[in-house]
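Residue-level structural notes
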Amino acid sequence: MLDESLDVAVQKKLVIFCRVIDEEVGQTEFAANIEVKDGKADTIMDTIMDFLHDVDVPLERVSGIGTDGAAVMVGRLNGVVVNSRSKNPKLVGTWCVAHRLALVCQWASKSVPYLETVQTTLANIFDFFHYSACRYNKLRELKGVDEKHRCSKVFQKDSIDIRQVEDMLAATSATLKDLAEHPGSVLQDFFTQVADSGHFQGITVTGSEDIRYEEIDGEAARDSFRLFKALLGKHREKGLQAMCQHMLLQCTETFPEFVTLAEISTTIRVTSAPCERGFSQNLIHTFLRSCLSIKAVENKMFIKNAAKHPKYSEHKLITDACTHFMEQKCRRF
């Protein structure tokens, strides 16, 4: 997962998070915060390749890449995903579902002029409560004020997987069923165009890519599928993520082909929300500390993210940091 930002020192940064399997458990880890000279696709691609070389991970080992959907990332001619797939055809490019939801809401609102008035009113309400603790405390007393848009809340989870997206979209689709049954002229036009060609206003909305993994023995997978299907039936109460973890722990020798698919499913993310949260580096790289070097900011980001890691308790993190500090050179402590 990657995204770019501009910090307080007016330096363009590329923040990288990686989804890895550590002790048979999928973990989202902060990987790097790298300065890039510009936001061009070739520059970002070179930066990614240099990073992978530094950590000794070939691009062929990368199963997917998640982005915010910016043109420089997903452009069909020279985007970062296209360039990556030219070197690794098995790589799956993911356009963050949280960003797509936000764009859909934005585009939909443009067709209803009155929504601009609604947006202005909501902004005024936010300002009214944001600058007064007394008013905000009264707002907290109201029942249900913390209820947010369910799709947006679910799509921003670090642990979200494809199955959860599918379930959430199915529930949302059911909620909008009345609109589909009694569509207006624009919605009817959408249904007609998609049914005829699979496209709407030049955008492909149906179909899927054919991706093949040479390391998976298709014949062996077919031969063991019936037994694997029975295993799934015995664990039907598990979600996709829990089932993948079970396979990584218990089925490495029994179903090696399906374990490989579980590894791929575990590492491919459907959201780039961790990158957005990673931009909270601005809490580290503030105006009063704008002269911090890029490496110093990155190191502090590593410490900040390590504090949230399940392997670390607060005491262990502080102990390890102090030990490392003392080992660098002779210090009085």
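Residue numbering note: each chain is counted from 1, following its sequence as written. Local features in a predicted model are, by the rule used here, given only for residues with pLDDT of at least 70; side-chain atom pairs are given and counted only at 80 or more, and totals for whole chains, interfaces and linings are based on all residues. Computation of side-chain values: all heavy atoms of the structure, hydrogens and water removed.

**Re the packing of helix H12 (residues 240–250) against helix H13 (residues 256–267)**
- Running from N to C, H12 and H13 cross one another at 135°; their axes reach a closest spacing of 9 Å. Considering the angle they form, H12 stands oblique to H13. Handedness of the crossing formed by H12 with H13: left-handed. The residues of H13 that touch H12, namely those facing Leu240, Cys244, Met247 and Leu248, are Phe258, Val259, Ala262, Glu263, Ser265 and Thr266.
- Residue type decides the class: Asp, Glu, Lys and Arg count as charged, Ala, Val, Leu, Ile, Met, Phe, Trp, Tyr, Cys and Pro as nonpolar, and the leftover types, Gly among them, as polar. Partitioned by chemical class, the residues of the contact of H12 with H13 number 7 nonpolar, 2 polar and 1 charged. Interaxial angle, 0 to 180 degrees, is taken between N-to-C directions of lines fitted to C-alpha atoms, where a helix line uses only the stretch in contact. Secondary structure counts use DSSP, requiring at least four H or I residues in a row for a helix and at least two E residues in a row for a strand, with both numbered from the N terminus. Note that the term roughly parallel is reserved for angles under 35 degrees, roughly antiparallel for angles over 145, roughly perpendicular for angles of 65 to 115, and oblique for everything else. Handedness of each helix crossing follows the sense of rotation of the near helix against the far helix: counterclockwise by less than a right angle gives left-handed, clockwise gives right-handed. Any two residues whose heavy atoms approach within 4.5 Å are treated as being in contact.

**Structural notes on the sheet that holds strand E1 (residues 2–6)**
- The 3 strands are arranged E1-E2-E3 in an open sheet whose pairing can be described as antiparallel. The strands lining the two open edges of the sheet, one partner per strand, are E1 and strand E3 (25–35). When the angles between neighbouring strand axes are averaged without regard to direction, this sheet yields 25°.
- By this definition, two strands are paired if DSSP reports at least two bridges between them. Of the strand pairs in this sheet, strand E2 (residues 12–22) and E3 are connected by 10 bridges, and their pairing is antiparallel. Across the sheet, residue Asp22 finds its bridge partner in E3, namely Val25.
- Of the strands in this sheet, E1, E2 and E3 touch helix H1 (residues 41–54), which is tilted by about 45° from E2.
- Across the sheet, H13 touches E2 and E3, and the angle it forms with E2 is around 150°.

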